[in-house]
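What follows is the residue order along each chain.
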Amino acid sequence: QSLTHLAAARSVTAMAGMLAHEIRNPLAGITGAAQLLAMNASDGDRELAEMIGQEAKRIGNLVDRVEHFGDQRPVERQPVNIHDVLDRASRSAKAGFASHVNFSLEYDPSLPEVAGDPDQLLQVFQNLIKNASEALADARGQIRLRTSYNSGMKFAASGHRIENLPIQVEVIDNGKGIPESLIADVFDPFVSSKSNGTGLGLSLVSKIVASHGGLIECSSGDGKTRFCVRLPIWRTKKESV
């Protein structure tokens, strides 16, 4: 299923490369025209011109997000302390969009280092925390960040290889949950339970996790939504032989 999500993300990559340039050209013209109109317009017309500019900017941001799928470079892996990544993500969230949320940190201090790119992994958990915080509307909202080691988790990769994914990171919230009809497709591009969502955030998360050789799962029910990311541990070349 994770490989299917990756294939779906790659299809978005192809579409992004084909459309991005064609969209940007007329978009620049629309933005420029809106700015010129706003300079000489009446108050009522200026408001409409500014609205056109804002919507053009929103389309531009959407194109930027789609273009992120076009980065096909292999991940430059290094040893990463996953707890440092989670602390950075939660501190950033508390200072901004998740200031209304109570965080619970349940870390396994004995975890070995993860093999990955710290900035990309930060992007994964910032996105998951942001989604969780948006599902929490009141002061009783809570996000749990939990890490553990599961030596029995293995993944049958291509080429008859077996990948070990013992590092388990969970982002759990007690929000409104994800509709059952969307759970199976939640990582597919353009699928969203939000009225104003683009459906690209979780698809990009799935792509980054897959590029790290990992897996991501989602479950929702009984007042709890859980995203579980499974990642490989860091091994030196000598250890990998």
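In what follows, the structure referred to is the one given above.
The paragraphs below set out a description of the structure included in this document.

Rules of the game
- Residues numbered from 1 in each chain as written.
- Predicted model: local features only at pLDDT ≥ 70, side-chain atom pairs only at ≥ 80, totals over all residues.
- Heavy atoms only, no water.
- Pairing = 2+ DSSP bridges.
- Helix = DSSP H or I, 4+ residues; strand = E, 2+ residues; numbered from the N terminus.
- Axes fitted to C-alpha atoms, helices over the stretch in contact; angles between N-to-C directions.
- Contact = heavy atoms within 4.5 Å.
- Salt bridge = Lys/Arg side-chain N within 4 Å of Asp/Glu carboxyl O.
- Phe/Tyr/Trp six-rings, centres within 6.5 Å; stacked < 30°, edge-to-face > 60°.
- Lys NZ or Arg CZ within 6 Å of the ring centre and 35° of its normal.
- Buried < 20%, exposed > 50% of the residue type's maximum accessible area, 1.4 Å probe, protein only.
- Parallel < 35°, antiparallel > 145°, perpendicular 65-115°, else oblique.
- Left-handed = near helix turned anticlockwise from the far one by under 90°.
- Nonpolar A, V, L, I, M, F, W, Y, C, P; charged D, E, K, R; others polar.

### Describing the sheet that holds strand E8 (residues 215–221)
If you walk across this open sheet you meet the five strands as E2-E4-E7-E9-E8, and the pairing is mixed. Lying at the two open borders of the sheet, with one neighbouring strand each, are strand E2 (102–106) and E8. With strand direction ignored, the average angle separating the axes of adjacent strands in the sheet is 15°. Lying over the sheet, helix H4 (residues 118–134) contacts E2, strand E4 (142–149), strand E7 (167–173), E8 and strand E9 (224–231), oriented at roughly 25° with respect to E7.

### Quick look at the pattern of salt bridges
According to the stated counting rule, one finds seven salt bridges in the structure shown. Through salt bridges that share partners, Arg146, Glu170 and Arg226 make up one connected network.

### Comments concerning the packing of aromatic side chains
Under the definition given, this model contains one aromatic pair. On the numbers, 6.0 Å between centres and 80° between planes, the contact of Phe187 with Phe227 is edge-to-face. Placement of Phe187 in the loop between helix H5 (180–183) and helix H6 (201–211) and of Phe227 in strand E9 is noted, with a sequence separation of 40 residues between them. The ring of Phe97 is capped by Lys130, whose NZ or CZ atom sits 5.9 Å from the centre of that ring.

### Here we look at H6
Most of H6 sits out of view: 10 of its 11 residues are buried. For H6, the full list of buried residues reads Gly201, Leu202, Ser203, Leu204, Val205, Ser206, Lys207, Ile208, Val209 and Ala210. Note on H6: the residue one or two positions beyond its end, Gly213, has a positive phi of about 80°.

### Some thoughts on the environment of Glu55
With respect to the helices and strands, Glu55 occurs in helix H2 (residues 43–67). Glu55 gets classed as partly exposed once you look at its relative accessible area, which sits at 37%. With 24 residues separating them in the primary sequence, Glu55 and Thr31 have C-alpha atoms 9.1 Å apart.

### A short note on the packing of helix H3 (residues 82–94) against H4
Direction vectors running N to C along H3 and H4 enclose 45°, while the axes themselves pass 9 Å from each other. In terms of orientation, H3 and H4 fall into the oblique class. Considering only the axes of H3 and H4, their crossing is right-handed. Contacts between H3 and H4 involve Ile82, Val85, Leu86, Arg88, Ala89, Ser90, Ser92 and Ala93 from the first element and Pro118, Asp119, Leu121, Leu122, Phe125, Gln126 and Ile129 from the second. Grouping the amino acids of the contact of H3 with H4 by side-chain chemistry returns 10 nonpolar, three polar and two charged.

### So, the pairing of E4
Bridge analysis of E2 against E4 gives five bridges, and the strand direction is parallel. What sits directly across from Asn102, in E4, is Gln142. Pairing geometry for E4 and E7, over seven bridges, is antiparallel. Looking at the pairing, Leu145 lines up with Val171 of E7.

All quantities given are derived from atomic positions and should not be read as evidence of function.
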